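Understanding the architecture of this molecule
In case you want the letters, here they are:
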Amino acid sequence: MLVSASPRARLSRAPFNLLILIIFIACAAVCPAASIRGVVTDPSGAKVTGATVSILSNGKVIGTALSTADGSFQILTGTSGRLFLVVSAKSFRQIETPGFYAGPLDNIERNVVLEPEWVRESIVVTATGTPTPQAQTSAATSVLGPLDLDLRSDLVSDLRLMPGTFVVQSGQMGAVTSLFVRGGDSTSNKVMLDGVYAGDLGGGFDFGPLSTTAIEKAEVYRGPNSSLYGADAASGVLSLTTPRGTTSFPSLLFRGDVGNLNTAREELEAAGAYNKLDYLARSAGCKLQTTSPTMSTM
C-alpha cells in the first residue's frame, strides 16, 4: 500500500525547513571561511596524488588536506591573516610557499610545483608570463638565485657569466654599462622590476650603479619575446624580483664585511608584514680605495 503525506503534514514541515535554512545562513555569516585551493604537480607537469598540503598561521597548522587523483586540493579555514602552505609528498622535497593574505570568504588559488629530492628546479616567469618550472619551457632562460647574488656586490659581475650575453662597461665599477643579448642592440632588452618596466625612454638601461642589494632573483631570457612584453623585448628580457617581508613584526638585519686595501661594505634591512601589506627596505654602502698605494724607494 502506498501512503502519501497529507497536504497539512507537508505544510507543517515548511516552517521547520525554513528555520534550518535561517540557522545555516546565520552560521555562515558568523563563521566565515576562506577557501584555499590549487593543483600539485611535478616539474614535468604531471599531477601528484596524495601530497599533504598544510596551512600554517603564526607557526601553527590550522588546516590539512591531501591532493586527489587529479592533483587538486581545497581547504576551508575560518582563520584570516597571513598564511603559508607547506606541501610534502613521497620522493619530493618539502616546500613552503611565500606568504599570502586570506580574508573572510576569500577564494584563493595557489598551484604548487614539487621538486624531486635529488634535483633542484627553478621556477621562471619571463618565458610564459606565469610561474612555470624551467624544465617545461623550451626558451633559453638563466636564473640567478639568492646565493649567486650574495657572492657579488654588483649585478654586472653576474651578468658577465650568462651565456649569450655581452656586457660593455665604459670604466671602473659603477660606470655606464650596457647589456647586449645574442648580438642584439643594447636598447632591445626589456628590464622588468617586479613586473614593472624599469628602462628609460627608447629602451636603454644603465646597469652600472645597480647593485645586488634587495634583489632576490634575476631571470635572463635570451631571445625575442615581443608577444608578451612588446617591441622592446626584441633581443631579450631581464626580470628582477625583490624579496618581501614575512614576519608579523618589524625585523631588522645588519650585515657587513671588510677587506684589504681599506674596503668595506654594509647592508641594513627592515622588513615585515601586516594584513595585506608587506614591506621591505634595504640600504647598502661600500667604501673602496680609489687611489693606488704608493711605494717609496731610497
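The following paragraphs examine the structure supplied in this document. (Residues numbered from 1 in each chain as written. Predicted model: local features only at pLDDT ≥ 70, side-chain atom pairs only at ≥ 80, totals over all residues. Heavy atoms only, no water.)

The backbone phi angle of Leu105 is positive, close to 65°, even though this residue is not glycine. Here Leu105 shows up in the loop between strand E7 (100–102) and strand E8 (107–109). The class of Leu105 is exposed, set by a relative accessible area of 65%. Its identity as a non-glycine residue notwithstanding, Ala214 has a phi of 65°, on the positive side. Mapped onto the fold, Ala214 is located in the loop between strand E16 (196–197) and strand E17 (217–222). The exposure class of Ala214 is buried, given its relative accessible area of 17%. (Helix = DSSP H or I, 4+ residues; strand = E, 2+ residues; numbered from the N terminus. Buried < 20%, exposed > 50% of the residue type's maximum accessible area, 1.4 Å probe, protein only.)

Our focus in this paragraph is the pattern of salt bridges. Here the structure, examined in full by the defined rule, presents 6 salt bridges. We note a salt bridge from Glu115 to Arg93, for which the minimum N-O separation is 2.7 Å. Taken together, the residues span a long stretch of sequence, with Glu115 in the loop between strand E9 (112–113) and strand E10 (123–124) and Arg93 in the loop between strand E5 (81–88) and strand E6 (95–96) at a distance of 22 residues. Exposure remark for Glu115: the relative accessible area of 8% places this residue in the buried category. A salt bridge links Lys217 to Glu219, with the shortest nitrogen-to-oxygen separation between them at 3.2 Å. (Salt bridge = Lys/Arg side-chain N within 4 Å of Asp/Glu carboxyl O.)

Scanning the model with the defined rule gives 1 aromatic pair in all. Between Phe205 and Phe207, the aromatic rings sit 4.7 Å apart at their centres with planes inclined by 65°, giving edge-to-face as the arrangement. Residue placement shows Arg110 over the ring face of Phe100; its charged tip is 4.7 Å from the ring centre. Between the NZ or CZ atom of Lys190 and the centre of the ring of Tyr197, over which it lies, the distance is 5.1 Å. (Phe/Tyr/Trp six-rings, centres within 6.5 Å; stacked < 30°, edge-to-face > 60°. Lys NZ or Arg CZ within 6 Å of the ring centre and 35° of its normal.)

Attention now moves to the environment of Thr128. Inspection of the secondary structure assignment puts Thr128 in the loop between E10 and strand E11 (132–133). Apart from the residues lying within four places of it in its own chain, the contact partners of Thr128 are Thr137 and Leu228. (Contact = heavy atoms within 4.5 Å.)

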